[in-house]
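Summary of structural features
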Amino acid sequence: MNQAQEIRKIGVLTSGGDCAGLNAAIRAITMRAETGYGWRVLGIEQGTAGLLARPPRVRALTASMFDGALMRTGGTFLGTTNRGDPFSYPMPDGRKIDRSGEIIDAYRALDLQALIAIGGDGSQAIIRKLARQGDIPLVCIPKTIDNDIGATEVAIGYDTAVAVATEALDKLQPTAASHDRIMILEVMGRDAGHIALAAGIAGGADVILLPEIPYKIDHVVGKIAALRQAGRNFSLIVVAEAAPDPDGRTVERHGRYSGVGHAIGRRLEDLVEAEVRVTVLGHLQRGGQPSPRDRLMAGVFGTHAVDLIAQGKFDRMVAWQNRRAVDIPIEDAIATYACVAPDSPLVNTARGLGISFGDRPAA
Ligand code: F6P
């Protein structure tokens, strides 16, 4: 039987933290579904929370909605949430209850024949569990600025985040040089240092501190001293938010990484004779206009996801491998968490450029 003939209407939702390129992905899904297969598309608002609402929070999506600027904008116009696991949903009275059945009921009531979820590994794991329980034909699209989903070389949002962090270094460098200062830039990435590594290389950092490569503050001090000896009056340091502080402790606030840049800055102020300033880039990395590459990947992933539904291929995540769109079982796709390998080509590149990871005495 031709699977495409059975489909009349599909749902799409974004889940987890937002990032640049989500609207471009929703656009690609809508365009492909409507113009390629004649299907209707329903956008589900606020991720799975939209299916917990009564009536469910949804809106019809049409290709004509995307004629304008929408795909060029950051965020997700459908809204998203990175809280409220439906299997352990926090209630106002403090209890946590399983509300998965309500989501499945809403999905069925909407008369959808398939669902596309755009999310990171955590969201995909939860939505896959829902899909299995409710027999929902599901395809996932990877998005995360952290780029930590092992099965895909790139997730939507990463490229824009790297561009924002690189631009921050471009802007910090002249002011660092003007004032003979040490500038520390703290970037996001959760437990993975991909943003710090890529932006550090592209933005000409002198030191990159990652959660994956243990460092000693004395080696950082040594690198700054070596630069000064060579006649350089400023230093640029990029630190990933999950890198430990100089005492080896993770710096967290309310369960989120935050503050390691300041912790390192305070220690350096005691150890070097230079002014230190710290910039925490934060959610600027998630917002803003999606880069051309993120829009491109959104287009690739969105159309491939719809094509998978047409082929009756479900429980799969689309991915980018070896210059092609591929698809793999969601379970396998999210099984490998991709950190920076200390011997990865980009780490070697950085070392080749004289960038210190604070793990060795300065050359
Ligand atoms: O996973 C994406 C991410 O931006 C991480 O890099 C960061 O640690 C976290 O989300 C921030 O989450 P929130 O938006 O809830 O502060």
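Residues numbered from 1 in each chain as written. Predicted model: local features only at pLDDT ≥ 70, side-chain atom pairs only at ≥ 80, totals over all residues. Heavy atoms only, no water.

For the protein, the helix and strand inventory stands at 12 helices and 15 strands. Taken over the C-alpha atoms alone, the protein extends approximately 70 × 45 × 35 Å along its principal axes. Expressed as a percentage of its 363 residues, the buried residues of the protein come to 53%. Considering only residue pairs separated by 6 or more positions, the protein has 72% of its internal contacts joining residues 24 or more positions apart. Of the roughly 15,700 Å² that the protein leaves accessible, carbon and sulfur atoms contribute 49%. Averaged over its 40 positive side-chain charges, the protein has a centre that lies 3 Å from the centre of its 41 negative ones. (Helix = DSSP H or I, 4+ residues; strand = E, 2+ residues; numbered from the N terminus. Buried < 20%, exposed > 50% of the residue type's maximum accessible area, 1.4 Å probe, protein only. Contact = heavy atoms within 4.5 Å. Areas by Shrake-Rupley, 256 points an atom, 1.4 Å probe, with all protein chains shown as cover. Lys, Arg positive; Asp, Glu negative; His and termini not counted. Charge placed at Lys NZ, Arg CZ, Asp CG, Glu CD.)

So, on to the domain arrangement of the protein. Considered domain by domain, the protein is made up of domain 1 (3-156 + 290-321) and domain 2 (160-286 + 342-352). Each of domain 1 and domain 2 has a C-alpha centre, and the two are 34 Å apart. The partner domain 2 presents 11 residues to the 14 residues of domain 1 that form the contact. Summed over both sides, the interface of domain 1 with domain 2 buries roughly 1,000 Å², with 42% coming from carbon and sulfur. Looking only at domain 1, the three residues that lose the most surface to domain 2 are Asp-18, Ile-145 and Asp-146, adding up to 50% of its buried area. (Domains from an automatic or database assignment. Buried area = accessible area lost by both parts, 1.4 Å probe.)

Read from one edge of the open sheet, four strands run β9-β10-β8-β13, paired in parallel fashion. The sheet is open, and its two edges are formed by β9 (207-209) and β13 (275-280), each paired on a single side. Across the sheet, the axes of successive neighbouring strands diverge by a mean angle of 20°, strand direction being ignored. Sheet analysis places β9 next to strand β10 (residues 235-240), joined by three bridges and oriented parallel. Within β10, the position partnered with Leu-209 by the bridge is Val-239. Along the sheet face, helix α8 (residues 217-229) touches β8 (181-187), β9 and β10 and points at about 155° away from the line of β10. (Pairing = 2+ DSSP bridges. Axes fitted to C-alpha atoms, helices over the stretch in contact; angles between N-to-C directions.)

On to the packing of helix α4 (residues 100-109) against helix α5 (residues 121-134). Following both chains from N to C, one finds α4 and α5 inclined at 70°, their axes separated by 10 Å at the closest point. By the criterion of interaxial angle, the relationship of α4 to α5 is roughly perpendicular. Once α4 is placed against α5, the crossing between them reads as right-handed. Here Ser-100, Gly-101, Ile-103, Ile-104 and Arg-108 of α4 come into contact with α5, specifically with Leu-130, Gln-133 and Gly-134. (Parallel < 35°, antiparallel > 145°, perpendicular 65-115°, else oblique. Left-handed = near helix turned anticlockwise from the far one by under 90°.)

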